[in-house]
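Examining the three-dimensional arrangement
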Amino acid sequence: MELLLDFGNTRVKAAVKDCGTLRVVYSGPVELGGISASVNGLDVHGGMWCSVHPLPGDVESWMRGKGLVPLDASTPVPLRNSYGTPATLGMDRLAAAVGAWSMQPGKDILVIDAGTAVTYDFISSRGEYMGGNIAPGIGLRFRSLHEHTGALPMVAPQGSLPDLGTDTETAIRSGVLRGIRYEAEGYIRELESQYPSLLVFLTGGDAEFFDIKVKSSIFAVPDLVLRGLARIVECDEKIF
């Protein structure tokens, strides 16, 4: 079976693909012990990983020993990539785009990935990755208010969320969470004006905080990047 790994800024999610079924086996810190233990007893041969940063040497060596390869700008993918600088494109963004397209081919798609950063990526109905935007994620917004002001406290995203804050804590929470929701809704409405049949895919660790209220069809897919990696491997078995 193939092993697929999505390395984020602080955590990694791993899945195996066996007889066409994708099964998540690990979600946790980037450490070899936890990753390797998650596939103990499984016949892993080949697969792919993507990462937003350089990996610990022992983790990368272990994956290569299992026959895994990294997704990079030279890897063939089942989308036309129109990004101006493909070598600088986050491979998680590309994999998520492939994952969404594999689930809804022939549709105009916006992928919103809510992690440390929030990314907004557009795939046209022609199967062309058109690019996207990057914004600070929820955690970064809370920390920025706390660390770059003299008196504002660090606030958690969980808790009451009034339309207008009634104290400093709720003012910050409502400002951050409602602000990021309005941001996402603005992207969706702008694209809908050009692509009326737009579909939206929502993924990432903070996706639960995106209470988006628009008419578009929205698909919440937590393992979208892993689905994209699986599709790329399926299309390019010759890379092994």
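What you see is a predicted model; the values in this text were computed from it and never measured.

**Description of the side chain of Asp 92**
When you line up the elements, Asp 92 lands in helix α3 (residues 91–103). Although Asp 92 is buried, it makes no salt bridge; Arg 93 carries the closest opposite charge, 6.1 Å away.

**Here's the deal with the environment of Leu 177**
Looking at the element boundaries, Leu 177 is found in helix α5 (residues 168–194). Judged by relative accessible area, Leu 177 falls into the buried class, the value being 6%. When the C-alpha atoms of Leu 177 and Leu 22 are compared, they prove to be 32 Å apart, with 155 residues separating the residues in sequence.

**Some details on the layout of surface pockets**
Counted as a void, the largest pocket has a volume near 820 Å³. Around the largest pocket, the lining is made up of 34 residues, and of these Gly 8, Asn 9, Gly 115, Thr 116 and Gly 205 lie nearest the centre. Mapped by element, the contributors of at least two residues to the lining of the largest pocket are β1 (2–7), β2 (11–18), α3, β7 (109–114), β8 (117–123), α4 (138–147) and α6 (224–235). Of the residues that constitute the lining of the largest pocket, the class distribution is 12 nonpolar, 13 polar and nine charged.

**Topic: the packing of α3 against α6**
Contact geometry of α3 with α6 gives a least axis separation of 7 Å together with a crossing angle of 80°. Here α3 lies roughly perpendicular to α6, going by the angle between them. Contacts between α3 and α6 involve Asp 92, Ala 95, Ala 96, Val 98, Gly 99, Ala 100, Ser 102 and Met 103 from the first element and Leu 224, Val 225, Arg 227, Gly 228, Leu 229, Arg 231 and Ile 232 from the second. Grouping the amino acids of the contact of α3 with α6 by side-chain chemistry returns nine nonpolar, three polar and three charged.

**Topic: α5**
Because each turn of an α-helix spans 3.6 residues, side chains separated by three or four positions end up pointing in the same direction. Here α5 spans 39 Å end to end across 27 residues, near enough to the 39 Å set by a 1.5 Å rise per residue. Put simply, Asp 167 is the residue that caps the front of α5, since its side-chain oxygen is 3.2 Å from the backbone nitrogen of Glu 169.

**Considerations on the sheet that holds strand β6 (residues 80–81)**
Taking strand neighbours across the sheet as the criterion, the six strands line up as β6-β9-β8-β7-β10-β11 in an open arrangement whose pairing is mixed. Where the open sheet ends on each side, the last strands, each with one partner, are β6 and β11 (217–220). Two strands pair when backbone bridges link them, and β6 and strand β9 (residues 128–136) are joined in this way by two bridges, in the parallel orientation. Note that in β9 the partner of Asn 81 across the bridge is Tyr 129.

**Some points on the pattern of salt bridges**
Inspection of every chain in the model, using the stated rule, returns 12 salt bridges. Between Glu 169 and Arg 173 there is a salt bridge; the shortest N-O distance is 2.7 Å. Residue Glu 169 and its partner Arg 173 are located together in helix α5, separated by four residues, close to a single helical turn. We classify Glu 169 as partly exposed; its relative accessible area is 42%. One salt bridge connects Arg 181 with Glu 185, and the closest N-O pair in it is separated by 3.4 Å. Of this pair, Arg 181 and Glu 185 both sit in helix α5, four residues apart, roughly one helical turn. For the pair Arg 181 and Glu 185, one class covers both residues: buried.

**Structural notes on the sheet that holds β2**
Strand order in the open sheet made by the five strands is β3-β2-β1-β4-β5, with mixed pairing throughout. Both outer strands of the open sheet, β3 (21–29) and β5 (68–70), are each paired with one neighbouring strand and no more. Each strand axis lies, on average, 20° off the axis of its neighbour in the sheet, ignoring direction. The pairing of β1 with strand β4 (residues 47–51) spans five bridges and is classified as parallel. Pairing of Leu 3 across the sheet is with Gly 47, part of β4. The strands touched by α6 are β1, β2, β3 and β4; relative to β1, the strand with the most contacts, the crossing angle is about 135°.

About the thresholds
Residues numbered from 1 in each chain as written. Predicted model: local features only at pLDDT ≥ 70, side-chain atom pairs only at ≥ 80, totals over all residues. Heavy atoms only, no water. Helix = DSSP H or I, 4+ residues; strand = E, 2+ residues; numbered from the N terminus. Buried < 20%, exposed > 50% of the residue type's maximum accessible area, 1.4 Å probe, protein only. Lys, Arg positive; Asp, Glu negative; His and termini not counted. Salt bridge = Lys/Arg side-chain N within 4 Å of Asp/Glu carboxyl O. 1 Å grid on protein atoms, 1.4 Å probe; cavity = no way out; pocket = protein on both sides within 12 Å on 5 of 7 lines; lining within 4 Å. Points joined across faces, edges and corners; volume = space filled by probe spheres on them. Nonpolar A, V, L, I, M, F, W, Y, C, P; charged D, E, K, R; others polar. Axes fitted to C-alpha atoms, helices over the stretch in contact; angles between N-to-C directions. Parallel < 35°, antiparallel > 145°, perpendicular 65-115°, else oblique. Contact = heavy atoms within 4.5 Å. Expected span 1.5 Å × (residues − 1). Polar contact = N/O pair within 3.5 Å; in protein donor to acceptor, adjacent residues only side chain to side chain. Pairing = 2+ DSSP bridges.

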